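Here are the chains, one letter per residue:
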Amino acid sequence: MTDLLLPFQFPFMHGAFYIALLIGPPTAMLSCFLVLKGWSLMGDAVSHAVLPGIVLAYIIGLPLIVGAFIAGMFCSVLTGYLDANSRVRQDTVMGVVFSGMFGLGLVMYTKIETNVHLDHILFGNMLGVNSADLWTSGLIGLLVCGALLISWKDLLLNAFDPAQARAIGLPVQVLHYGLLTVLSLTIVATLKAVGLILAIGLLIAPGAIAFLVTRQFQHMLIVAVIASTASLVGGVYLSFWIGSDAGPTVILVLTLLFLIAFIYRLIANKSHSSRTI
């Protein structure tokens, strides 16, 4: 029993467990809306596009999270503008924009001298979180959860039927850019934990898991939060024993849960089909 509790006895593990608990709920709740709205690639685009903002903020002397947020919003707005004013499909536009901004960020990073390792930016450093990181993730998490809980019905209608939402007088544009703002904020909250590359796993997998095993949106939110938080805490715990980085281990646990949920849905569908014959 003492051996099982060993990871909790090291101070450097405490921060990793704390930030896992803080970012689990907001990423899970947001992932439900992204999955239903079909914005998986948008989450990927924004998570990659914040890199030049981080580097520019470092050069100017601003907090890195400020640069990350501004770059994320710039990517979102630019994608929307190009999509509305060109014949190119939205997924193509997002691919061009996020790869271009990510490439710009890498070029900028090679031109500066910093003690911030690129791997920590790309893949996170959960074992290196400090109190400022915890406060940042916690405050952003509260803001994101509050915004989503207050407006979830409007966001849900806008995701399924934007025309109906517009017809009944909902501020569709406000909901659209509000969700993009929440997306950018959530990516900022996860930077220290899983970095730019792996953030998309936390933003998509929990919602996908919940979508496979539930039929009601309220239940989907609950299952997603449980899956995300359990994967984060379990991934940090497992990484201690196998000697791996915490961020990638968390994503592997989430992927395993997704495969289990997928198999469960296949079995459930076949069982239902056999009963109806």
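Thresholds applied
- Residues numbered from 1 in each chain as written.
- Predicted model: local features only at pLDDT ≥ 70, side-chain atom pairs only at ≥ 80, totals over all residues.
- Heavy atoms only, no water.
- Helix = DSSP H or I, 4+ residues; strand = E, 2+ residues; numbered from the N terminus.
- Buried < 20%, exposed > 50% of the residue type's maximum accessible area, 1.4 Å probe, protein only.
- Contact = heavy atoms within 4.5 Å.
- Expected span 1.5 Å × (residues − 1).
- Phe/Tyr/Trp six-rings, centres within 6.5 Å; stacked < 30°, edge-to-face > 60°.
- pLDDT = per-residue confidence, 0-100.
- Axes fitted to C-alpha atoms, helices over the stretch in contact; angles between N-to-C directions.
- Left-handed = near helix turned anticlockwise from the far one by under 90°.
- Nonpolar A, V, L, I, M, F, W, Y, C, P; charged D, E, K, R; others polar.

Enquirer: Which residues make up the overall build of the protein chain, and what are the values?
Expert: When helices and strands are counted, the protein chain shows 11 helices and 0 strands. Written out in order from the N terminus, the α and β elements of the protein chain read α-α-α-α-α-α-α-α-α-α-α. Considering only C-alpha atoms, the protein chain reaches an extent of 60 × 55 × 30 Å along its principal axes. Each of the 277 residues in the protein chain was classed as buried or not, and the buried ones make up 47%. For the protein chain, the share of sequence-separated contacts (at least 6 apart) that also reach a separation of at least 24 residues comes to 76%.

Enquirer: Tell me what's going on with helix α10 (residues 217-242), and back it up with residues and numbers.
Expert: Here α10 contains 26 residues, and its C-alpha end-to-end distance of 36 Å stays within 8% of the 38 Å for a straight helix at 1.5 Å per residue. Buried within α10 we find Phe-217, Met-220, Leu-221, Ala-224, Ala-227, Ser-228, Thr-229, Ser-231, Leu-232, Gly-235, Val-236 and Ser-239. One or two steps after α10, the chain reaches Gly-243, where phi turns positive at roughly 70°.

Enquirer: Tell me what's going on with the packing of aromatic side chains, and back it up with residues and numbers.
Expert: Applying the stated criterion across every chain, the model contains 9 aromatic pairs. Summarising the aromatic geometry, the rings of Tyr-237 and Trp-241 are spaced 6.3 Å apart at their centres and angled 65° between planes, so their arrangement reads as edge-to-face. Taken together, the residues span about one helical turn, with Tyr-237 and Trp-241 both in helix α10 at a distance of 4 residues. Looking at Tyr-237, the relative accessible area reads 23%, which means it is partly exposed. For Trp-241, a relative accessible area of 41% translates into the label partly exposed. An angle of 25° between the planes, with centres 6.4 Å apart, marks the rings of Phe-258 and Phe-262 as stacked. Of this pair, Phe-258 and Phe-262 both sit in helix α11 (residues 246-276), 4 residues apart, roughly one helical turn. Given the relative accessible area of 39%, Phe-262 is considered partly exposed.

Enquirer: Before we move on, can you summarise the confidence of the model for the protein chain with the specific residues and values?
Expert: Regions with low pLDDT carry predicted coordinates that are not meant to be interpreted in detail. On average, residues of the protein chain score 86 in pLDDT, and 97% of them reach the 70 mark or higher. The least confident element of the protein chain, judged by mean pLDDT, is helix α6 (residues 118-123) at 75; the most confident is α10 at 93.

Enquirer: Go over the environment of Ala-193, please, and point to the residues and values.
Expert: With respect to the helices, strands and loops of the structure, Ala-193 is situated in helix α9 (residues 172-213). Here Ala-193 falls in the buried class, since its relative accessible area comes to 0%. In this structure the C-alpha to C-alpha distance between Ala-193 and Ala-20, which are 173 residues apart in sequence, comes to 7.7 Å.

Enquirer: A description of the packing of helix α4 (residues 64-84) against helix α5 (residues 90-110) should follow, citing residues and the corresponding values.
Expert: Here α4 crosses α5 at 145°, and the two axes come no closer than 9 Å. For the pair α4 and α5, the crossing hand works out as right-handed. In this structure, α4 uses Ala-71, Phe-74, Cys-75, Leu-78, Thr-79, Leu-82 and Asp-83 to contact α5, whose residues at the interface are Gln-90, Val-93, Met-94, Val-97 and Met-101. Residue composition of the contact of α4 with α5, grouped by class: 9 nonpolar, 2 polar and 1 charged.

Enquirer: Residues and numbers for helix α2 (residues 40-49), please.
Expert: For α2, a buried count of 8 out of 10 residues is recorded, marking the element as mostly surrounded by other parts of the structure. Among the residues of α2, Met-42, Gly-43, Asp-44, Ala-45, Val-46, Ser-47, His-48 and Ala-49 are the ones counted as buried. Looking at the buried side of α2, the elements it contacts are α3 (51-60), α4, α5 and α9.

Enquirer: Describe the side chain of Ser-228, naming the residues involved and giving the relevant values.
Expert: You can see Ser-228 is positioned in helix α10. Looking at Ser-228, the relative accessible area reads 0%, which means it is buried. Excluding residues that lie within four positions of it along the chain, Ser-228 makes contacts with Gly-24, Thr-27, Ala-28, Leu-202, Pro-206 and Leu-254.

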